[in-house]
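Reading the structure
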Amino acid sequence: MALEHAILVSLEERSGSGYELARRFDKSIGFFWAASHQQIYRTLKRMVDLGWVTCTEVAQDGKPDKKVYEVGDTGRAELRRWLAEPGDPAVLRNDLAVKIRGASYGDIPALLAEVARHRDAHAERLDVYRVIEKRDFPDPAALTGRHLHQYLVLRAGVRAERGLVDWFGEVLEAMRRDGGEDR
């Protein structure tokens, strides 16, 4: 997926300024497709040049004019094309998994500390997802359309984070029980 497609989805949900879009990425889409604020602004400029989005300047009192971006007809056509395009199944790439595999060749206590740090970070993200789920989707059975689609992606995040937290816990337990010896 290109960043352009993530931006098109976000702007279809709600038009906004580059700043507002970057904040939305920080709080939602960014959990699944990360981009720096600079990347977002550069990509928005390219998308305006392509005619995928329009940019309207809105005057503000005591501040510079705000540029508000909205998906145009060619952007909607590109989004429909991309949504229909087959994609490759996701491939799990995890540096830490390779480090765990090679643990017996290095500093196991340092690796265990790193595994614990990752477990804690994923547990924090899981907590954030659960707060979002409770706040934004209190009645999942009643969801339809865009809200259902957002909820389903959030559920994928909940399941992925819960799986990683469980797996890191399993790794810590097994490696501590093993004592780190290569037998």
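Residues numbered from 1 in each chain as written. Predicted model: local features only at pLDDT ≥ 70, side-chain atom pairs only at ≥ 80, totals over all residues. Heavy atoms only, no water.

Core analysis: the largest hydrophobic core is formed by 19 residues, its most contacted members being Ile7, Leu8, Leu11, Leu21, Phe25, Ile40 and Leu44. Of all the elements in the fold, those that place two or more residues in this core are α1 (3-13), α2 (18-27), α3 (37-50), β3 (63-71) and α4 (73-84). With residues near it in sequence (within four places) discarded, Phe25 still touches Leu3, Ala6, Ile7, Ser10, Gly30, Phe31, Trp33, Ala35 and Ile40. Counting residues in each nonpolar core, the second largest holds 12 residues, with Ile108, Leu112, Val115 and Leu172 among its members. (Core = buried A, V, L, I, M, F, W, Y, C linked by side-chain atoms within 4.5 Å. Buried < 20%, exposed > 50% of the residue type's maximum accessible area, 1.4 Å probe, protein only. Helix = DSSP H or I, 4+ residues; strand = E, 2+ residues; numbered from the N terminus. Contact = heavy atoms within 4.5 Å.)

Before going further, it helps to examine the UniProt feature "domain: Transcription regulator PadR N-terminal" (unreviewed entry) in the protein. Listed under "domain: Transcription regulator PadR N-terminal" (unreviewed entry) in the UniProt record, and renumbered for this structure, are residues 7-80. With 53% helix and 26% strand, residues 7-80 has its two end C-alpha atoms placed 14 Å apart. (UniProt positions renumbered as here; feature names shortened; annotations may be inferred.)

Okay, the sheet that holds strand β1 (residues 16-17) next. A sheet is described by the order of its strands in space; here 3 strands give the open sequence β1-β3-β2, paired in antiparallel fashion. What marks the edges here is a single partner per strand, and that holds for β1 and β2 (53-60). With 2 bridges connecting them, β1 and β3 associate as antiparallel partners. Directly across from Ser17, in β3, lies its bridge partner Val68. (Pairing = 2+ DSSP bridges.)

Our focus in this paragraph is the UniProt feature "domain: Transcription regulator PadR C-terminal" (unreviewed entry) in the protein. Here, UniProt's "domain: Transcription regulator PadR C-terminal" (unreviewed entry) annotation points to residues 92-175. Counting secondary structure, residues 92-175 comes out at 80% helix and 0% strand; the distance between its end C-alpha atoms is 22 Å.

This part covers helix α7 (residues 145-178). End to end, α7 covers 49 Å across 34 residues, agreeing with the expected 50 Å (1.5 Å per residue, within 8%). Within α7 the residues assigned to the buried category are Tyr151, Leu154, Arg155, Gly157, Val158, Glu161, Val165, Phe168, Val171, Leu172 and Met175. On its buried side, α7 packs onto α5 (95-101) and α6 (108-136). At the C-terminal side of α7, Gly179 shows a positive phi close to 80°. (Expected span 1.5 Å × (residues − 1).)

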